[in-house]
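Close look at the chain arrangement
Here are the chains, one letter per residue:
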Amino acid sequence: MLPALVLLVLLALAPAGPAAARRHAPDLREDEPARRTTRPAECQFGKQAKELGSTWFADLGPPFGVMYCIKCECIPVQKKRRVVAKVQCRNIKNECPEPSCDTPTLLPGRCCKTCPGDINSPDIVQDDGPISIITNNEDEELSMRHFGALLTGRSPLCIRRDDMTGVPVASGVATARFTFRRRHLFWSVILGTSVSIQPRALAFLDRGGRMLLEHPIKRATGIHATYEEKTDKLCGVWRRVPREYKRILREGSLYVALIWGDERNNSMESALSGRINRYPALATEMFTSLLEPDHVPTSFSSGPCDEFRVPGKEEGWWGGTAVVTGAAGAAPSLHLAIVYNGVFMPAARDQSVRVLLTLPDRNQTIIDEVQKISKPGYELNVLEVSTPVSAAELRSLSRGRLLLSVEAMGTPDRRISGIVRQRAACEVFHAPLIAERLPAALIPQGLALVYIDKDGSLVYDIQVENLSIIDPKITLVEEQGKRHSQVEILDTRMGVLARPSARIFPPLYEDQLAVHIGSDTGPPILRGRLLSRPLPDAASEGPSLLRRTDARMPPTINPVAGLAWIAIDVLCGLNYEVVVNGYAGSWTAWLEGNPNGPRILPGIEGSILEPSPSELLALNSGSAHLNIRTSDNDTEFLRTRLPQISVPPSCLPAGSYSDNELNSNYAQTHMNSPPPDNSLSNTASCYYAGKSYEDGSQWMAAESCHMCGCVHGALRCDAVRCPPVTCAVPTLRPPGQCCPICTNSTKAVWNESHGCHLAGQYHAPGSSWHPYLVPGGYDTCAICTCEFATRQVRCPRVRCPPLKCAEKDAYRPDKKACCRVCPEVKAKKTEEDTPRDQGTPRTAEEILAEGGCKFPDGPLPNGKEVHPSIHSHGEQRCVTCRCKDGEVTCIRKRCSRAACARRRRGDACCACARHRRQRAPPPPPPS
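The structure displayed is predicted, hence computed values, not measured ones.

**Notes on the side chain of E478**
With respect to the element layout, E478 can be found in strand β25 (residues 473–480). Here E478 sits buried without a salt bridge, and the closest side chain of opposite charge, R503, lies 4.4 Å off (N-O distance). Ignoring sequence-local partners within four residues, the contact set of E478 consists of R483, H484, S485, V487, R503, P507, Q512 and L513.

Take a look at the structure:
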């Protein structure tokens, strides 16, 4: 896609009409984001992501600013069988209506001249981005709403390939669950035993079969792969669902499909689809059952799908899914909501359905109920059953021993059945563990992570630090207000509880189950309530414990604890969630991984669409840090070094890892140590000068002026590179400092306290340095300074001059060059380019003082005319910019009216202006 800046400059200066667009022209700004795949439901405008359906005015920055005559819109475009988002910008100057008065005025922020009372104008936009078009009420309406889908061969949707041929319906049955949470649609899929091959992708489609989103099904590394393997589920998320697609979801017109084929060429050999509907019972679902035919269908066809499926044409598999809710306590009970199809004979009416819930091991029947269905549906049928049960039957339910079957009376050969298992949602439960009382020594801290596997077992991982008890007692406690009741006892800090009590599931799913750690007697030392969260959709090593910093909090503040989830998805987006307990005030999270300074992470959960290359590199190498500060951004009270996060190779900048060799005087240690895991005690450490440093840390060896870092247990040290300093007064070189310090004051007194902190390193006031990135080394394209007076860190990057050539011709002279340059072109010197003045060239300040103008290509002398240069297109010969008394005016060459009448085409720069029609004078008033 043509970069937004180039597209709109040409659009603004060119006459109205279609413009040729170049594809895949990269953005040439030096601080460009990491390369990422286009999001199908979002438009890319410069570095901003625009939601489908949003409109905005083009903001090109200086010297152009907001161009109110250029209206852009993110529109859906059907590309064969898919729907993709595309930016469409047009010049609305020609759409301005005829003014209703003789003296129209141009109001600020408008494109069209208007008269008093005019309200219809094309230069008014409804919204300017994906955030402003989604109202809070709409998000609250859909937030945490649950949806389900049954995928069988009876779906009315026919999926087609690019050549519009129908895709055959796959054999088998599957069920899916969807949870809409904070603009994201989390999904999970359970495949039936009849499905032997995992699908290559999951797709969302509308009623007409147009593909809105296709999500590849690939197991990411870390906890995501472990969870899918232990639960037999497929998990993912559709992030930032557009408003238009949310409307389709509410109306019940959104479909989901599993696609089989060769992932190398994205072929579609077969598909299984179903409609996504809202079911109230899903809000309290505790167990799930996938119902499959007891007898394999005999009339299954492998031909292309048929758009006109009617009862009587029995092709394709049938099945069902059940939403089971169990209530423990004094009167245990069960509630079943069953969604099914295919159990009736063709064209059947007034059928009776039998629901049977049994315990096969003991030949025991728990539910045997018959319900009458007046009008059986071909695609879906829903029935509900409730019954009281005993505690033993509820315990058998939680351990996956019950069998559910549904059949129509008189047609036992079409019976469907399945084992009742844990609920289908992909979720984990986490809790930061907070100290219940302040001890005299170090404050203990920790975190807990649990989930339910496919056998109904409780998998748990509890990590603690600074705990004085060697063998603590770990219990799971149900907390309902002030009443606490013990549910289970865990023998170890990490393991599997194979046969959990049935009492554990209601409080777990209702966020009322807590982890208590302490001694055999007395109150707990550590405590944390388990909260549900959807499984991360990308590679992640699990949550990271936010540790207390050395900065002492005020005595009145209780102990605090926190954890953080950080993951990078396949589209290079950074997704995060931060949980902090024990701190009543407001706080902010900061990510340290960019030499230009830390990045604030707004809210407790969110996404950064385009993290910087430095941040991605730091996350991939395990050298990024996350800290929590109070609302005034002054006191840091929680901090952690994030574990090494797997970043897709396509997201990492080119030449991410430096090929510099280590200094021969500094031997590497722990060369064969594995990358850091998610445990709190990291063994991949480095040793230097008798001190141990954890993996990913960096420090200054002041005695030898070397900057050192620990990379996966390997020690690396580089000589300090001092950036050049220009000081109005002599520089200082205090003891222990490797680089000169600029105070810019003759009365400044050196004080090594109250300096600046960046990436865990202290910097003296007035010092300058190049950022040091592990493992890449020094970034000489940025210079950081700790201002002597304000103690603020500023890290501006080297400003690259604008290119005088096309982007495809620009190159970097060497691997570490900060700026791209153009190849040398030997051209004949014209008389204009011949130097006439052999004196000293004037400085920029002198040119501006004489009435010159600021210009992207450099300062222009007063009266100078130039042709501007635009990235990717070089010099624009059809546009002339003139500097006059400090102001730049750019005009495009236009032709005379006579030339336009003859439709002159010889001049490529010829552009004809539209001449307004003369209005007839108003009729004289009646006498």
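There's more to say after this.
**Section: the environment of I608**
By secondary structure assignment, the location of I608 is in strand β36 (residues 605–608). Given a relative accessible area of 12%, I608 falls into the buried group. Separated by 34 residues in the primary sequence, I608 and L574 place their C-alpha atoms 4.9 Å from one another. Apart from residues lying up to four places away in sequence, I608 is in contact with G573, L574, Y576, R599 and L601.

**Some remarks on the state of the cysteines**
Under the defined criterion, the tally for this structure stands at 16 disulfides. Disulfide pairing is shown between C853 and C883; the S-S distance is 2.1 Å. Where C853 bonds to C883 through sulfur, the torsion about that S-S bond is close to 85°, and the disulfide is right-handed. With C853 in the loop between α8 (844–849) and β51 (865–866) and C883 in strand β54 (residues 879–884), this pair connects stretches of sequence that are 30 residues apart. Residue classification places C853 among the buried residues on the basis of a relative accessible area of 1%.

**Here we look at a positive patch on the surface**
Together, R362, R395, R401 and R499 give the surface a local cluster of positive charge. By the secondary structure assignment, R499 is in the loop between β27 (494–497) and α6 (505–509).

**Some points on the confidence of the model for the protein**
For the protein, mean pLDDT is 77; residues scoring 70 or higher make up 76% of the total. Across the protein, the element-wise mean pLDDT spans from 43 in helix α1 (residues 4–13) up to 95 in strand β12 (residues 255–260). A low-confidence stretch, residues 827–836 stays under pLDDT 50, and its non-local contacts, those more than four residues away or across chains, total two contacts.

**Some remarks on the packing of aromatic side chains**
For any pair of aromatic rings, geometry is given as the distance between the ring centres together with the angle between the planes. Enumeration over the complete set of coordinates arrives at 10 aromatic pairs. Look at F204 and W238: their rings are 4.9 Å apart centre to centre, the planes differ by 35°, and that puts the pair in the tilted class. Of this pair, F204 sits in strand β9 (residues 201–205) while W238 sits in strand β11 (residues 234–238), and the two are 34 residues apart along the sequence. Judged by relative accessible area, which is 0%, F204 ranks as buried. Every member of this aromatic cluster is reached through a ring pair, and the members are F178, F204, W238 and Y245.

**Some thoughts on the environment of A281**
Secondary-structure assignment places A281 in the loop between β13 (270–278) and β14 (287–293). Taking relative accessible area as the criterion, A281 reaches 15% and is therefore assigned buried. Residues A281 and V324 lie 43 residues apart in sequence; the distance between their C-alpha atoms is 8.2 Å. Residues in contact with A281, not counting those within four places in the same chain, are V323, T325 and A337.

**Some points on unusual backbone geometry**
In this structure, N266 is a non-glycine residue whose phi angle is positive, near 55°. Position of N266 among the secondary structure elements: in the loop between β12 and β13. Phi is positive for D511, which is not a glycine, with a value near 55°. As for its position among the elements, D511 is in the loop between α6 and β28 (513–518). Classification of D511 by relative accessible area gives partly exposed; the value is 29%.

Conventions we followed
- Residues numbered from 1 in each chain as written.
- Predicted model: local features only at pLDDT ≥ 70, side-chain atom pairs only at ≥ 80, totals over all residues.
- Heavy atoms only, no water.
- Helix = DSSP H or I, 4+ residues; strand = E, 2+ residues; numbered from the N terminus.
- Buried < 20%, exposed > 50% of the residue type's maximum accessible area, 1.4 Å probe, protein only.
- Lys, Arg positive; Asp, Glu negative; His and termini not counted.
- Salt bridge = Lys/Arg side-chain N within 4 Å of Asp/Glu carboxyl O.
- Contact = heavy atoms within 4.5 Å.
- Disulfide = S-S within 2.5 Å.
- Patch = residues over 30% accessible without salt bridge, like charges linked within 9 Å, V, L, I, M, F, W, Y side chains within 5 Å.
- Areas by Shrake-Rupley, 256 points an atom, 1.4 Å probe, with all protein chains shown as cover.
- Charge placed at Lys NZ, Arg CZ, Asp CG, Glu CD.
- pLDDT = per-residue confidence, 0-100.
- Phe/Tyr/Trp six-rings, centres within 6.5 Å; stacked < 30°, edge-to-face > 60°.

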